[in-house]
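# Per-entry structural report
Letter by letter, the chains look like this.
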Amino acid sequence: MNSALIDFDAAGGVDLDRLERSLGLRGERVGIGRYRVTGGAHDHWVDLYSASHPRCDCGDHLWRDRICKHIMAALLREGNERVLTTLPRLLARVHAA
Ligand SMILES: [Zn+2]
C-alpha cells in the first residue's frame, strides 16, 4: 500500500513553506507508515495509513486539515512521488530569492 489514503488536493496540495520546514525535521520509522517526527518545537506522531488515527497529532493537521510538515517528513521517508516531485519547485523558489 502507498499513501493513497492522503487526498493531496482536498488538503490544499503540497505547500512549499511546509515542505521547506519538513526538510529540517527528523523522522524515526516506528512501524509501517508510522513515524516519530522530532526536531521541531514539539515531537509528533504520524500514521500514514491507519484510518483509526489522525495522520498527525499536531494542530496544523488536526485543526486546519493541512498536510503538515510532519506528514511531509514521513512522506519523504516513504519516497512519496507527489512530495518528491514538488522538490524542484522548492529549489526553484530558493534560486529565485
Ligand atoms: Zn503534524
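For the structure, check the block above.
I will try to describe carefully the structure that is included in this document. (Residues numbered from 1 in each chain as written. Predicted model: local features only at pLDDT ≥ 70, side-chain atom pairs only at ≥ 80, totals over all residues. Heavy atoms only, no water.)

## Digging into the side chain of Arg 55
We apply this condition: Here a strand is any run of E in DSSP of at least two residues, a helix any run of H or I of at least four, and the numbering for each starts at the N terminus. Between buried and exposed lies partly exposed: a residue is buried under 20% and exposed over 50% of the maximum accessible area for its type, with that area taken using a 1.4 Å probe on protein chains only. Only four residue types enter the charge count, namely Lys and Arg as positive and Asp and Glu as negative; His and the chain termini do not. Every case where a carboxyl oxygen of Asp or Glu lies within 4 Å of a side-chain nitrogen of Lys or Arg is listed as a salt bridge. Here a polar contact is recorded for every N or O atom pair within 3.5 Å, except that within protein the pair must consist of a potential hydrogen donor and a potential acceptor, and residues adjacent in sequence are included only if both atoms are side-chain atoms. It only takes one pair of heavy atoms within 4.5 Å for two residues to be counted as in contact.
You can see Arg 55 is positioned in the loop between strand S3 (44–47) and helix H2 (59–64). The buried charged residue Arg 55 lacks any salt bridge partner; its closest oppositely charged side chain belongs to Asp 47, at an N-O distance of 5.0 Å. Within the structure, the side chain of Arg 55 is placed 3.3 Å from the backbone oxygen of Leu 48, a separation counted as a polar contact. Residues in contact with Arg 55, not counting those within four places in the same chain, are Leu 5, Ile 6, Trp 45, Val 46, Asp 47, Leu 48, Tyr 49, Ser 50, His 61 and Ile 71.

## Looking at the pattern of salt bridges
Scanning the entire structure with this criterion turns up 10 salt bridges. Put simply, Asp 17 and Arg 93 hold a salt bridge, and the shortest N to O gap is 2.9 Å. Taken together, the residues span a long stretch of sequence, with Asp 17 in helix H1 (residues 16–22) and Arg 93 in helix H5 (residues 87–96) at a distance of 76 residues. In this structure, the salt-bridge partner of Arg 34 is Asp 47, at a minimum N-O distance of 3.9 Å. You can see Arg 34 sitting in strand S2 (residues 34–38) and its partner Asp 47 sitting in strand S3, a full 13 residues away along the chain.

Scope: geometric values only; no functional claims are made or implied.
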